[in-house]
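Analysis of the macromolecular model
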Amino acid sequence: MKCPFCGADETAVADTRINDDGDIVRRRRRCLTCDKRFTTYERAGLRLPQVIKKNGSRVDFDREKLAASLWLALRKRPVSVDAVEAAIARIEEKLLALGERELASEKLGEMVMRELKKLDKVAYVRFASVYRNFEDVDEFSKVILEVSPDVPHPAQPLGR
C-alpha cells in the first residue's frame, strides 16, 4: 500500500479490525519512510450489473439512485430506514444472484415495485404511476385494485 503522504511503497500494518457485520476490514498502517499513520478499508469487490436504459444506453448500477427512487416514492410514509435498507439489500442480492453483466432497466423497475409493494402500498402506487407512465385514471384504478382486493370494482355490484 502506497503512503498517501510521501508516496513510499513500504508501509506496515499496525492494527487490523473487522466491523460488526464482518464485511469490512479496517487497517491502521504506518509508513516506513515518513512514519506517518493512515487508515485503509478493505471490502469484497462485488460487481453489480450495468443497467440498460430504455434508450439503449448503459449505466453502472447506482445504489444511491435506487435509494433516492425508493425514498421519493416513500415520501411522508411511515416506513423505517431499516426497512428501506433491507429492501435495497434484497434487490442487490437478487442482482448478484442473477450473475448477469447487464440488466434491462425494466427488470430492475419490477424488482423495485415488488419491494415497494411489501413496504407500503401507497408508495407502490406512486412508483407504479411514474414507472408505468399512467395515461388515465383507469390505470390507477387497476393498480389500486391490485393492492386492495377487498375494494369492489365499480363494475361489480355491491354486497349481493
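All figures in this text were calculated on a predicted structure; none of them were measured in a lab.

**Description of the confidence of the model for the chain**
With 89% of its residues at a pLDDT of 70 or more, the chain shows a mean pLDDT of 86. Within the model, pLDDT remains below 50 along residues 156–160, and this stretch shows one contact once partners closer than five positions in the same chain are excluded.

**With respect to the sheet that holds strand β6 (residues 102–104)**
An order of β5-β4-β6 is seen for the three strands of this open sheet, with the pairing classed as mixed. Each end of this open sheet is capped by a strand with a single partner; those strands are β5 (58–60) and β6. The mean angle between the axes of side-by-side strands here comes to 35 degrees, regardless of whether they run parallel or antiparallel. Looking at chain direction, strand β4 (residues 50–52) and β6 are connected through three bridges and run parallel. When the sheet's bridge partners are listed, Val-51 is paired in β6 with Leu-103.

**Let's talk about the sheet that holds strand β2 (residues 24–31)**
Taking strand neighbours across the sheet as the criterion, the three strands line up as β1-β2-β3 in an open arrangement whose pairing is antiparallel. Where the open sheet ends on each side, the last strands, each with one partner, are β1 (11–18) and β3 (37–43). Adjacent strand axes in the sheet meet at a mean angle of 25 degrees, parallel and antiparallel pairs treated alike. Strand direction decides the pairing type here: β1 and β2, joined by seven bridges, are antiparallel. Along β2, the bridge assignment pairs Ile-18 with Val-25.

**Points about the pattern of salt bridges**
Applying the stated criterion to the full structure yields 10 salt bridges. Of the charged contacts in the structure, one is a salt bridge between Glu-42 and Arg-27, with a shortest N-O distance of 3.1 Å. Residue Glu-42 is located in strand β3, and its partner Arg-27 is located in strand β2; the two are separated by 15 residues in the primary sequence. Since its relative accessible area comes to 39%, Glu-42 is described here as partly exposed. When the shortest N-O distance is used, the salt bridge between Glu-92 and Arg-63 registers 3.1 Å. Here Arg-63 lies in helix α1 (residues 63–73) and Glu-92 lies in helix α2 (residues 81–98), a separation of 29 residues in the sequence.

**Section: α2**
Helix length check: α2 (18 residues) gives 26 Å between terminal C-alpha atoms against 26 Å at 1.5 Å per residue, within 8%. All buried positions along α2 are accounted for by Val-84, Ala-87, Ile-88, Ile-91, Glu-92 and Leu-95. Buried positions in α2, seen along its axis, are confined to an arc of 135 degrees and lie on one side of it. Residues of α2 that are exposed and point over 90 degrees away from its buried face: Asp-82, Glu-93 and Ala-97. Those residues of α2 that are buried lie in contact with α1, β6 and α3 (105–119). Positive backbone phi, approximately 70 degrees, marks Gly-99, located one or two places after α2.

About the thresholds
- Residues numbered from 1 in each chain as written.
- Predicted model: local features only at pLDDT ≥ 70, side-chain atom pairs only at ≥ 80, totals over all residues.
- Heavy atoms only, no water.
- pLDDT = per-residue confidence, 0-100.
- Contact = heavy atoms within 4.5 Å.
- Pairing = 2+ DSSP bridges.
- Helix = DSSP H or I, 4+ residues; strand = E, 2+ residues; numbered from the N terminus.
- Axes fitted to C-alpha atoms, helices over the stretch in contact; angles between N-to-C directions.
- Salt bridge = Lys/Arg side-chain N within 4 Å of Asp/Glu carboxyl O.
- Buried < 20%, exposed > 50% of the residue type's maximum accessible area, 1.4 Å probe, protein only.
- Expected span 1.5 Å × (residues − 1).
- Arc of directions from axis to C-beta.

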